[in-house]
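What follows is each chain in one-letter form.
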Amino acid sequence: MASRAPVASGRLLVGFRKWYYNICGFNKIGLLRDDTIYENGDVQEALKRIPERMYNDRVFRVKRALDLSMKQQILPKDQWTKYEEDVHYLMPYLEEVIRERKEKEEWLKK
């Protein structure tokens, strides 16, 4: 019995994540999770490091989302970003930038 509890809670957690993902609404205008990250200095540096194709795709998604938002519309349901298709394309670059910034701060302290 005890061995089944983590599996059930794991499925419950995934179900909650999917529900929350859909409630947020950014997927209904074609954005990915990483498109909604606040652009501070670290994010701007990470954006400079991503491949040009990824950057152009991001710009397209953001422009389309702004256009839809101004028109107060959403995409047809078959074009919504699905939870399973959402990838963290920016996170590896962002983590690298943050790690480098912290390393630089440590170096300057010495």
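From a predicted model like this one, the values you see are computed outputs, not experimental measurements.

The rules behind these values
- Residues numbered from 1 in each chain as written.
- Predicted model: local features only at pLDDT ≥ 70, side-chain atom pairs only at ≥ 80, totals over all residues.
- Heavy atoms only, no water.
- Helix = DSSP H or I, 4+ residues; strand = E, 2+ residues; numbered from the N terminus.
- Rg over C-alpha atoms; globule rule 2.2 N^0.38 Å.
- Buried < 20%, exposed > 50% of the residue type's maximum accessible area, 1.4 Å probe, protein only.
- Salt bridge = Lys/Arg side-chain N within 4 Å of Asp/Glu carboxyl O.
- Phe/Tyr/Trp six-rings, centres within 6.5 Å; stacked < 30°, edge-to-face > 60°.
- Patch = residues over 30% accessible without salt bridge, like charges linked within 9 Å, V, L, I, M, F, W, Y side chains within 5 Å.
- Areas by Shrake-Rupley, 256 points an atom, 1.4 Å probe, with all protein chains shown as cover.
- Core = buried A, V, L, I, M, F, W, Y, C linked by side-chain atoms within 4.5 Å.
- Contact = heavy atoms within 4.5 Å.

Engineer: Would you take a moment to explain the overall build of the protein for this structure?
Structural biologist: Scanning the protein from N- to C-terminus turns up 4 helices and 0 strands. From first element to last, N terminus to C terminus, the protein shows the α and β order α-α-α-α. By the compact-globule yardstick of 13 Å for 110 residues, the protein is too spread out, its C-alpha radius of gyration being 18 Å. With the C-alpha coordinates of the protein rotated into their principal frame, the extents come out at 50 × 50 × 20 Å. Here the protein holds 110 residues, and the buried ones make up 25% of them.

Engineer: Help me understand the pattern of salt bridges in this model?
Structural biologist: Side chains that differ in sign of charge can pair as their charged atoms come close. As enumerated under the stated definition, the model contains 13 salt bridges in all. For the salt bridge of Glu 39 with Arg 58, the shortest nitrogen-to-oxygen distance reads 2.8 Å. Taken together, the positions of Glu 39 in the loop between α1 (4-24) and α2 (41-49) and Arg 58 in helix α3 (residues 52-70) put the pair 19 residues apart, joining distant regions of the chain. Shared partners join several salt bridges into a network, and the residues in it are Asp 35, Glu 39, Arg 58 and Arg 61.

Engineer: Would you explain the packing of aromatic side chains in this entry?
Structural biologist: According to the stated counting rule, one finds 4 aromatic pairs in the structure shown. Between Phe 16 and Tyr 20 the ring centres are 6.4 Å apart and the planes differ by 20 degrees, which places this aromatic pair in the stacked class. Taken together, the residues Phe 16 and Tyr 20, both in helix α1 and 4 residues apart, mark about one turn of the helix. For Phe 16, a relative accessible area of 47% translates into the label partly exposed. Among the aromatic residues, those joined into a ring-pair cluster are Phe 16, Trp 19 and Tyr 20.

Engineer: Sorry, what's going on with a nonpolar patch on the surface here?
Structural biologist: Together, Leu 13, Phe 16, Trp 19, Tyr 20 and Ile 23 make up a nonpolar patch on the protein surface, roughly 560 Å² of accessible area in all. What makes Tyr 20 partly exposed here is its relative accessible area of 48%.

Engineer: In this structure, what is going on with the nonpolar core? I would like to understand it.
Structural biologist: One broad rule of soluble globular proteins: the nonpolar side chains tend to lie buried together. Among the nonpolar cores identified, the biggest contains 9 residues, and these are Leu 32, Val 43, Ala 46, Leu 47, Ile 50, Tyr 89, Leu 90, Leu 94 and Val 97. Only α2 and α4 (91-109) provide two or more residues apiece to this core. Here the element with the most residues in this core is α2; it accounts for 3 residues. With residues near it in sequence (within four places) discarded, Ala 46 still touches Leu 90, Tyr 93, Leu 94 and Val 97. Judged by nonpolar contacts, the second largest core, of 8 residues, contains Tyr 21, Phe 26, Ala 65 and Leu 75.

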